[in-house]
Amino acid sequence: MASSKAYLQFVLEQLSELSDISYRAMMGEFILYYRGKIVGGIYDDRLLVKPVKSAIAYMANPSYEFPYDGAKEMLLVDDIDNKEYLAGLFNAMYDELPAPKVKKKK
């Protein structure tokens, strides 16, 4: 099942406290970027983030889910209605997220 544009817009509105949030559509789902780094995505109308130590520590009861068959587990963000919580989560995670890979020029 693909994610809806309406859910994407809702998540983007909830993240409006943060600057430099972007997304990219990928096979019916959406990859979310925070200041150029992949923080997670929207899969089947669920917000999932990378399971970095800071995110696990930030969440009261971390819950792991698979974004799709064959993928690594990610953390389900269940407190999506709380803008302050989401901003704090993304800020806590940022330093621990891997830097974007540099594409080699041909």
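Structure shown above.
So, how was this worked out
- Residues numbered from 1 in each chain as written.
- Predicted model: local features only at pLDDT ≥ 70, side-chain atom pairs only at ≥ 80, totals over all residues.
- Heavy atoms only, no water.
- Helix = DSSP H or I, 4+ residues; strand = E, 2+ residues; numbered from the N terminus.
- Buried < 20%, exposed > 50% of the residue type's maximum accessible area, 1.4 Å probe, protein only.
- Contact = heavy atoms within 4.5 Å.
- Pairing = 2+ DSSP bridges.
- Polar contact = N/O pair within 3.5 Å; in protein donor to acceptor, adjacent residues only side chain to side chain.
- Phe/Tyr/Trp six-rings, centres within 6.5 Å; stacked < 30°, edge-to-face > 60°.
- Lys NZ or Arg CZ within 6 Å of the ring centre and 35° of its normal.
- Arc of directions from axis to C-beta.

Student: How should the overall build of the chain be read in this particular structure?
Tutor: Helix and strand counts for the chain stand at three helices and six strands. In sequence order, the chain lays out its α and β elements as α-β-β-β-β-α-β-β-α. The dimensions of the chain, computed from C-alpha atoms along their principal axes, are 45 × 30 × 30 Å. Considering the chain as a whole, with its 106 residues, one finds that 42% of them fall into the buried category. Nonlocal contacts in the chain, meaning residues at least 24 apart in sequence, comprise 53% of its contacts between residues at least 6 apart.

Student: Sorry, what's going on with the pairing of strand β1 (residues 21-26) here?
Tutor: Regular strands show a simple pattern: their side chains alternate between the two faces of the sheet. The pairing of β1 with strand β2 (residues 29-34) spans six bridges and is antiparallel. Within β2, the position partnered with Ile-21 by the bridge is Tyr-34. If you look at the hairpin formed by β1 and β2, you'll find two residues sitting between the two strands, and Met-27 has a positive phi there, around 50°.

Student: Can you walk me through the sheet that holds β1 in this structure?
Tutor: The strands making up a sheet are joined through hydrogen bonds of the backbone, oriented either antiparallel or parallel. Here six strands make up an open sheet; going across it, the order is β1-β2-β3-β4-β6-β5 and the pairing antiparallel. Each edge of the open sheet is held by one strand with a lone partner, namely β1 and β5 (64-65). Taken together, the four bridges between strand β3 (residues 37-43) and strand β4 (residues 46-49) define a ladder with antiparallel strand orientation. Opposite Gly-41, over in β4, you have Leu-48 as the bridge partner.

Student: What exactly am I supposed to notice about the side chain of Ser-54 here?
Tutor: Along the polypeptide, Ser-54 turns up in helix α2 (residues 53-58). Look at Ser-54 and you get buried, because its relative accessible area is 18%. Only 2.8 Å separates the side chain of Ser-54 from the side chain of Glu-96, close enough to count as a polar contact. Aside from chain neighbours lying at most four places away, what touches Ser-54 is Ala-92, Met-93 and Glu-96.

Student: Explain the packing of aromatic side chains here, please?
Tutor: Each aromatic ring pair is characterised by the separation of its centres together with the angle its planes make. Using the criterion set out here, one finds six aromatic pairs in the structure. Geometrically, the ring pair formed by Tyr-58 and Tyr-85 is tilted, given 5.3 Å between the ring centres and 45° between the ring planes. Of this pair, Tyr-58 sits in helix α2 while Tyr-85 sits in helix α3 (residues 83-94); the two residues are 27 residues apart in sequence, bridging distant segments of the chain. Each residue in the set Tyr-34, Phe-90 and Tyr-94 is aromatic and connected to the rest through ring pairs, giving one cluster. The cationic tip of Lys-37 hangs over the ring face of Tyr-94; the distance from NZ or CZ to the ring centre is 4.2 Å.

Student: When you look at helix α1 (residues 5-14) in this model, what are you seeing that I'm missing?
Tutor: Those residues of α1 lying buried are Tyr-7, Leu-8, Val-11, Leu-12 and Gln-14. Down the axis of α1, the sector holding all buried residues measures 160°, keeping them to one side. Pointing more than 90 degrees away from the buried face of α1 are the exposed residues Lys-5 and Ala-6.

These figures capture arrangement, not role.
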